[in-house]
Each structure stands twice: as C-alpha cells, then as structure tokens.
Amino acid sequence: MSTDALSRVFAALADPTRRDMVARLSEGDATVSRLAEPYRMTLQAVYKHLRVLEDAGLVSRPPGPQPRPVRLEAQAFDLMDTWIERHRSRVEQRYRRLDAVLAEMKGDEHEQDHGDDHRSRPEAAGHPDDA
C-alpha cells in the first residue's frame, strides 16, 4: 500500500460510524444487515460507508450472492501500525534526548549546589562561632 492508501485509510476512519463498524467487525465477520442494525440510517447509507471502507482496503466482501460477510483486512492495519510506530519512535528518540539534556543540567546544578554548600559551611569559612 502506498501513501495514498494510507491517506484513504485515515480518511475512512475519520468518520465515527465507520470507526464503529470497524470496531464491531473486529469481533468477527458480519453481514451488511447485521452491521446496519444499530444505526438509524438506510441500508443504502450503510453500503456507502462500507464502500469507503472497502476502497480504503479496511474491509472486504467476497463475491457471490447475498448475504455476504464483511470482514476486516489486516493489511490496512499493518500499514497504519508501521506509520504510527515510525513516528512514535521518532518522538520517543526526541524525548530521550531531552531527558538526557535535562539529566545533565540537573547533574550540573547538583554539582554547583554541593560546591556552594562546601564553601558556605561554617567550618570551611572559619566562622567566628567555631571557636
């Protein structure tokens, strides 16, 4: 699948009804009639949603007479997963670099605090109360 395919997948999933259909199909294959049950829309509208999901490669229906089961296609999820993980990896690398910089800054700050504590101790400064 190409970048255009990825765009179609994300565009198809932008609609809450289609996301719900995908979630329901993750439980198992279903006929269009079964998929249409919870929605307050015509069967024609359900078919339009399914067509978008099919064009994006998220679902398929085998050829043949009705009723035909609608099933999820794992390749579309693999494509999204690859894209998401690549970007998650980049973000995590940025955060690790930031953590390292912050730890270094904290270490430098900690060293400065200890150095200042040593100089400000009465015994090191020859404080008059030491006598």
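Computed from a prediction, not measured in an experiment: that's the story for all the values here. (Residues numbered from 1 in each chain as written. Predicted model: local features only at pLDDT ≥ 70, side-chain atom pairs only at ≥ 80, totals over all residues. Heavy atoms only, no water.)

J.: Teacher, can you tell me more about the overall build of the chain here?
T.: Counting its secondary structure elements, the chain contains six helices and three strands. Reading the secondary structure of the chain in the N-to-C direction produces α-α-β-α-α-β-β-α-α. Out of the 131 residues belonging to the chain, those deemed buried represent 24%. Taking contacts inside the chain between residues at least 6 apart in sequence as the whole, the part at least 24 apart equals 50%. (Helix = DSSP H or I, 4+ residues; strand = E, 2+ residues; numbered from the N terminus. Buried < 20%, exposed > 50% of the residue type's maximum accessible area, 1.4 Å probe, protein only. Contact = heavy atoms within 4.5 Å.)

J.: Sorry if this is basic, but what is going on with the pairing of strand β3 (residues 69-72) here?
T.: Both faces of the sheet carry side chains from a regular strand, because those side chains alternate between them. In the sheet, strand β1 (residues 30-31) pairs with β3 via two bridges, with the strands oriented antiparallel. Bridge pairing in β3 places Thr31 opposite Pro69. Sheet analysis places strand β2 (residues 59-60) next to β3, joined by two bridges and oriented antiparallel. Counted as the bridge partner of Ser60 is Arg71 from β3. (Pairing = 2+ DSSP bridges.)

J.: Help me understand the pattern of salt bridges in this model?
T.: Where charged atoms from two side chains of opposite charge come close, those side chains can pair. Enumeration according to the criterion identifies six salt bridges in this entry. The shortest N-O distance in the salt bridge between Glu37 and Arg34 comes to 3.8 Å. Asp55 serves as the salt-bridge partner of Arg51, at 3.4 Å between the closest nitrogen and oxygen. Taken together, the residues span about one helical turn, with Arg51 and Asp55 both in helix α4 (residues 43-55) at a distance of four residues. Looking at Arg51, the relative accessible area reads 49%, which means it is partly exposed. If you follow the salt bridges from partner to partner, you end up with Arg51, Glu54, Asp55 and Arg61 in one network. (Salt bridge = Lys/Arg side-chain N within 4 Å of Asp/Glu carboxyl O.)

J.: I would appreciate a short explanation of a negative patch on the surface in the present structure.
T.: Together, Glu104, Asp108, Glu109, Glu111 and Asp113 make up a negatively charged patch on the protein surface. Tracing the sequence through the fold places Glu104 in helix α5 (residues 74-120). You can call Glu104 exposed: its relative accessible area is 56%. (Patch = residues over 30% accessible without salt bridge, like charges linked within 9 Å, V, L, I, M, F, W, Y side chains within 5 Å. Areas by Shrake-Rupley, 256 points an atom, 1.4 Å probe, with all protein chains shown as cover. Lys, Arg positive; Asp, Glu negative; His and termini not counted. Charge placed at Lys NZ, Arg CZ, Asp CG, Glu CD.)

J.: It is not clear to me how the nonpolar core should be interpreted in this structure. Could you clarify?
T.: In a soluble, globular protein the nonpolar side chains are often hidden away together inside. Counting residues in each nonpolar core, the largest one holds 23 residues, and the members touching the most others are Val9, Leu50, Leu53, Leu58 and Val70. Here this core gets four residues from one element, more than from any other, and that element is helix α1 (residues 3-12). Leu50 has contacts with Met21, Val32, Leu35, Val59 and Val70, leaving out every residue within four places of it along the chain. (Core = buried A, V, L, I, M, F, W, Y, C linked by side-chain atoms within 4.5 Å.)

Honestly, that's just the spatial picture; any functional story needs more than this.
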